[in-house]
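# Survey of secondary and tertiary structure
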Amino acid sequence: MSHAALPTLFLSHGSPMWALEPGASGPALTRWAEGLRARLAADGQSVRGIVLMSPHWMARQPAVMTNAQPATWHDFGGFPEPLYRLQYPAPGAPGLAEQVLSLLQTAGVPAVADAKRPLDHGAWVPLMHLFPQANVPVVQVALPASAGPREVYAMGQALAALRDEGVLVIGSGSMTHNLGEFFSGMPQQDDPAAAYANEFSRWIEDVLARADVEALLDYRARAPHAARAHPTEEHFLPIFFALGAAGWGQGGGVAADYLTREIMYRYLAMDAFTLQ
């Protein structure tokens, strides 16, 4: 039986506190993942594995997590103690990791294996909402430190075939990510949204709807408030990983289906969408 092609997913992982303060975005992801698993189960299928890029793993060259049981890494400081007790004991998938390595290398991406890499919070925090049972194998892919939008898009393109094999490809980043403003203002979770965060996010949504590849690749010059929304761009780049794997902008009617447009803590746009 052939497997129905899975969608790809871009999500904003916000603050590590999202693990304990889910807002509206956490339940939205949970509902979506429950629906996906139910649809697959009706056809006798399941999610075979997850391949995820997070900006909290940046490496000199592309790398792939190959360990069979990645640890939960609390790669942050200064948060409430209960956050450090959380664990996400999902298994790794060495076989899937080798497949990811092969696909990247075949596409000319010089990826290497990393058998010791743990799950950073850009992976395990959103996965706690998506698959709280922690029973879907996870493979992380590093964001190359020198990569820009085109290079990350190409990495996603290289892995597109995995969608036909029950693999969920996820780009985990942030729709907006200005930590200077966040820490200077120390906003509350439900404070009114900053106007620029909404304006930037809706510009991205419009570009996605129009499938304007060149506009999105050139977002730093064209999007309103781009430098304010992303003083550095590592948290935005995973969007291109998801878009490349989905074949967005290459015809075929790929459209973004938004799961949430919530803005938390005034500055953190939590936009998440799937691409089928």
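Below is a short write-up of the structure. Because the structure is a prediction, the values reported are computed rather than measured.

## Here we look at the overall build of the protein
Along the protein, the regular secondary structure elements total eleven helices and ten strands. Here the protein has a C-alpha radius of gyration of 17 Å; the compact-globule value for 276 residues is 19 Å, and the two agree. Taking the principal axes of the C-alpha coordinates as reference, the protein spans close to 50 × 45 × 40 Å. The buried share among the 276 residues of the protein stands at 58%. A total of about 10800 Å² of accessible surface is found on the protein, and carbon and sulfur atoms cover 53% of it. Seen as two clouds, the 17 positive and the 25 negative side-chain charges of the protein have centres 1 Å apart.

## Examining the environment of Leu 268
Residue position: Leu 268 is located in strand S9 (residues 268-269). On a C-alpha basis, the gap between Leu 268 and His 13 in space is 9.2 Å, while along the polypeptide they are 255 residues apart.

## A few points about the layout of surface pockets
By volume, the largest pocket amounts to about 250 Å³. Of the residues that constitute the lining of the largest pocket, the class distribution is eight nonpolar, five polar and one charged. One number sums up the size of the second largest pocket: a volume of about 170 Å³. As for the second largest pocket, its lining consists of 14 residues, and the residues nearest its centre are Gly 14, Pro 16, His 177, Leu 179 and Phe 183. Grouping the constituent residues of the lining of the second largest pocket by class yields seven nonpolar, seven polar and no charged.

## Focus: a nonpolar patch on the surface
Together, Leu 179, Phe 183 and Met 186 line one region of the surface with nonpolar side chains, adding up to about 300 Å² of accessible area. Here Met 186 is to be found in the loop between helix H6 (179-185) and helix H7 (195-210).

## Digging into the nonpolar core
The biggest cluster of nonpolar side chains holds 58 residues, and the ones touching the most others in it are Val 51, Phe 240 and Leu 243. Once residues within four sequence positions are removed from consideration, Phe 240 is found in contact with Pro 149, Val 152, Tyr 153, Leu 216, Leu 217 and Tyr 219.

The rules behind these values
Residues numbered from 1 in each chain as written. Predicted model: local features only at pLDDT ≥ 70, side-chain atom pairs only at ≥ 80, totals over all residues. Heavy atoms only, no water. Helix = DSSP H or I, 4+ residues; strand = E, 2+ residues; numbered from the N terminus. Rg over C-alpha atoms; globule rule 2.2 N^0.38 Å. Buried < 20%, exposed > 50% of the residue type's maximum accessible area, 1.4 Å probe, protein only. Areas by Shrake-Rupley, 256 points an atom, 1.4 Å probe, with all protein chains shown as cover. Lys, Arg positive; Asp, Glu negative; His and termini not counted. Charge placed at Lys NZ, Arg CZ, Asp CG, Glu CD. 1 Å grid on protein atoms, 1.4 Å probe; cavity = no way out; pocket = protein on both sides within 12 Å on 5 of 7 lines; lining within 4 Å. Points joined across faces, edges and corners; volume = space filled by probe spheres on them. Nonpolar A, V, L, I, M, F, W, Y, C, P; charged D, E, K, R; others polar. Patch = residues over 30% accessible without salt bridge, like charges linked within 9 Å, V, L, I, M, F, W, Y side chains within 5 Å. Salt bridge = Lys/Arg side-chain N within 4 Å of Asp/Glu carboxyl O. Core = buried A, V, L, I, M, F, W, Y, C linked by side-chain atoms within 4.5 Å. Contact = heavy atoms within 4.5 Å.

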